[in-house]
Amino acid sequence: MEDAGAVFASGSMHAAGMNRGGDKWAAESVRGDSITWLARTDGEANSTNITPYHNITKVLDSMEKLKDDLDRACSFSSSRSSTQLARYPPGGRYVRHKDAYVSSTPSRRVTILYYPNDQWKEGDGGELRIYKQAPPSSSSSHSCTKYYLEHVAEGHLPSGEAYVDCAPISDRVVIFQSALIDHEVLCSHATRYALTMWLY
């Protein structure tokens, strides 16, 4: 958590937006976090060099190992990854969305979230709400899809749609398929950080 706070204090984070290029737009009521992209060297545009931040470096090393494990276990063959640090202040949220959409062009395929929030306690908000999908059939091409939903709060919307709320507690890792899973960040009542790696 100290490293995440130090990155924010350095002034390298900026208000997040949606879409890219000329289509980019921002609205705090839709997405209220500030972000920076993380890099291992200087010189990458709009990125923070993580070299001085040893704890963040360790987490990213572990995420890279997880990427390698997926490549071996599932023949995932990820072509690249990108990593982002996000900070949600009190009142910050991110409405329901997917991290990618199925398309013919290379896109995000797997989302890996890591939470460094060692001070988080019940009532602080900022839970990750995951909208449950029907388990894929045995003929699905997504051979590594599994649903591990222990130790989270399950609920239903008035429509009957099921969801689970994952608290952003310290050292929790959440992994899901970027183009398949609807999710949102519920309103935070305390500062909340998340490290996200996307595999392509």
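Note on numbering: residues in each chain are counted from 1, in written sequence order. This being a predicted model, a pLDDT of at least 70 is required before a residue's local features are given, and a value of 80 or more before pairs of side-chain atoms are given or counted; all residues contribute to the totals for chains, interfaces and linings. Just so you know, side-chain values use all the structure's heavy atoms and leave hydrogens and water out.

Attention shifts here to the packing of aromatic side chains. Aromatic contacts are taken between Phe, Tyr and Trp rings whose centres are within 6.5 Å, Trp giving its six-membered ring; a plane angle under 30 degrees counts as stacked, one over 60 as edge-to-face, and the others as tilted. Summed over all chains, the structure comprises two aromatic pairs. Seen from their ring centres, Trp 37 and Trp 198 are 5.8 Å apart, and the 50 degrees between their planes marks the pair as tilted. Linking Trp 37 in strand β2 (residues 34-39) with Trp 198 in strand β12 (residues 192-199), this pair joins segments that are 161 residues apart in sequence. For Trp 37, a relative accessible area of 26% translates into the label partly exposed. Here a strand is any run of E in DSSP of at least two residues, a helix any run of H or I of at least four, and the numbering for each starts at the N terminus. The classification of residues rests on relative accessible area computed with a 1.4 Å probe and restricted to protein chains. Under 20% of the type maximum is buried, over 50% is exposed, and intermediate values are partly exposed.

To continue, consider unusual backbone geometry. Its identity as a non-glycine residue notwithstanding, Ser 77 has a phi of 50 degrees, on the positive side. The topology assignment puts Ser 77 in the loop between α2 (54-74) and β4 (81-88). Positive phi, normally seen in glycine, also occurs at Asp 171, with a value near 70 degrees. Mapped onto the fold, Asp 171 is located in the loop between β9 (162-166) and β10 (173-177).

It is worth spelling out the confidence of the model for the protein at this point. Predicted confidence across the protein gives a mean pLDDT of 86, with 85% of residues reaching 70 or more. Summary of the metric used: pLDDT quantifies the predictor's per-residue confidence within the range 0 to 100. The contact definition used throughout considers only heavy atoms, calling two residues in contact when any of these lie within 4.5 Å. Low confidence marks residues 138-145, where pLDDT is under 50. Its contacts with residues over four positions away, or in another chain, come to five contacts.

Right, let's talk about the pattern of salt bridges for a bit. Any carboxyl oxygen of Asp or Glu within 4 Å of a side-chain nitrogen of Lys or Arg constitutes a salt bridge here. In this structure the tally under the stated criterion is 12 salt bridges. The salt bridge partner of Arg 31 is Asp 33, with a shortest N-O separation of 2.8 Å. Just as Arg 31 is buried, Asp 33 falls in that class too. The partner of Glu 161 in a salt bridge is Arg 96, and the shortest N-O contact between them spans 2.7 Å.

Let's shift gears to the sheet that holds strand β8 (residues 153-156). Any two strands with at least two DSSP-identified bridges between them are counted as paired. Taken together, the five strands give an open sheet; going across it, the order is β5-β11-β7-β9-β8, and neighbouring strands pair in antiparallel fashion. Two strands bound the open sheet, and with one partner strand each, they are β5 (94-97) and β8. Going across the sheet, the axis of each strand differs from the next one's by a mean of 20 degrees, ignoring polarity. As judged from the four bridges shared by β8 and β9, these two strands associate in the antiparallel manner. In the sheet register, Glu 154 faces β9, and the bridge partner there is Val 164. The axes are straight lines fitted to the C-alpha atoms, using for helices just the contacting stretch, and the angles between their N-to-C directions are given from 0 to 180°.

In strand β7 (residues 128-131), alternate side chains face the same way, and those of Leu 128 and Ile 130 on one face and Arg 129 and Tyr 131 on the other are all buried. Of the strand pairs in this sheet, β7 and β9 are connected by four bridges, and their pairing is antiparallel. In the strand pairing of β9, Arg 129 is matched with Asp 165. Sheet topology note: the β7/strand β11 (residues 183-185) ladder contains three bridges and is antiparallel. Paired with Leu 128 across the bridge in β11 is Val 185.

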